[in-house]
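Observations on the model geometry
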Amino acid sequence: MTIEDTPPSGTEPGPEAAPISGNQRRKMRSAARFYAVQALFQMEVSQQTVDAVIREFEDHRFGAHYEEGDMIEGDPALFGQLMRDAVNWQARIDQMTDRALVAKWPIARIDPTLRALFRAAGAEMTQSDTPPKVVIAEFVEIARSFYPEGKEASFVNAVLDHMAREARPEAF
């Protein structure tokens, strides 16, 4: 969905609005997860509130057009839910992440991008019905996009697998 397809605020799409395909919906959900990692990172470094960051991303990132390329439209409902759940359940998610990390590397010592990724993934794992294997696959791909040359994707996979088995053992 592009900005041009989005109705003005406060209006409903008319009968001419095309429904969103399943593939486009999956892309929007993936984009929302990616944006949630970026937004959680931004919150940590800038000390902005969750509501301020959500507004900024929805207004200036979702579907934005830049010289370097266009940003895909994100699923605002999933994005907002991930953001609020990551903030509201941060202590529980961080504790779960700590248990999945090696004892010498508590969550406070890891890269802030990975910390944001674990918080977003942990929020979806613990507060939604999304199958854990889907959450893991989606966030491993996000890790690959942030760290294309590194081993972080394998690390993320291992940590998220441990977190998923703790949060949703019935799914395994």
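In the block above lies the structure referred to throughout.
What this report covers is the structure whose coordinates are included nearby. What you see is a predicted model, and the numbers here were worked out from it, not measured in a lab. (Residues numbered from 1 in each chain as written. Predicted model: local features only at pLDDT ≥ 70, side-chain atom pairs only at ≥ 80, totals over all residues. Heavy atoms only, no water.)

**Quick notes on the overall build of the protein**
Formally: Put simply, DSSP marks the helices as runs of H or I at least four residues long and the strands as runs of E at least two long, and each gets a number from the N terminus on. Partly exposed residues are those whose accessible area sits between 20% and 50% of the maximum for their type, while under 20% is buried and over 50% is exposed, using a 1.4 Å probe and protein chains only. What makes two residues a contact is simply this: any of their non-hydrogen atoms within 4.5 Å.
The helix and strand tally for the protein stands at seven helices and two strands. For the protein, the α and β elements follow one another from N to C terminus as α-α-β-β-α-α-α-α-α. Across the 172 residues that make up the protein, the buried fraction comes to 38%. Pairs at least 24 residues apart make up 68% of the contacts formed inside the protein by residues separated by at least 6 positions.

**A few points about unusual backbone geometry**
Within the chain, Gln47 stands out as a residue other than glycine whose phi angle is a positive 65°. Relative to the helices and strands, Gln47 is located in the loop between helix H1 (22–46) and helix H2 (50–60). Under the relative-accessibility criterion, Gln47 is labelled exposed at 67%.

**Here's the deal with the nonpolar core**
Here is the rule we go by: Remark: nonpolar core denotes a set of buried residues (Ala, Val, Leu, Ile, Met, Phe, Trp, Tyr, Cys) joined through side-chain atoms within 4.5 Å.
Phe79, Met83, Leu117, Phe118, Phe139, Leu160 and Met163 are the most contacted members of the largest nonpolar core, which has 45 residues in total. Elements with a minimum of two residues in this core: H1, H2, helix H3 (76–88), helix H4 (90–100), helix H5 (112–127), helix H6 (132–146) and helix H7 (152–167). Contacts of Phe79, omitting those with residues within four sequence positions, involve Ala32, Tyr35, Ala36, Ala39, Ile54, Phe57, Glu58 and Phe62.

**Here we look at the packing of aromatic side chains**
This is how the line gets drawn: Note on aromatic contacts: the rings of Phe and Tyr and the six-membered ring of Trp form a pair at centre separations within 6.5 Å, being stacked when their planes are under 30 degrees apart, edge-to-face when over 60 apart, and tilted otherwise. The criterion is that NZ of a Lys, or CZ of an Arg, lies within 6 Å of the ring centre and within 35 degrees of the ring normal, and then a charge sits over that ring.
Scanning the entire structure with this criterion turns up seven aromatic pairs. Seen in terms of ring centroids, Phe34 and Phe146 are 5.1 Å apart; in terms of plane orientation they differ by 10°. Their pairing is stacked. One end of the pair, Phe34, is in helix H1; the other, Phe146, is in helix H6, and 112 residues separate them in sequence. When its relative accessible area of 23% is taken as the criterion, Phe34 is described as partly exposed. Looking at Phe146, the relative accessible area reads 28%, which means it is partly exposed. These aromatic residues form a ring-pair network of at least three members: Phe34, Tyr35, Phe57, Phe62, Phe79 and Phe146. Above the ring of Phe57, the side-chain terminus of Arg61 is found at 4.1 Å from the ring centroid.

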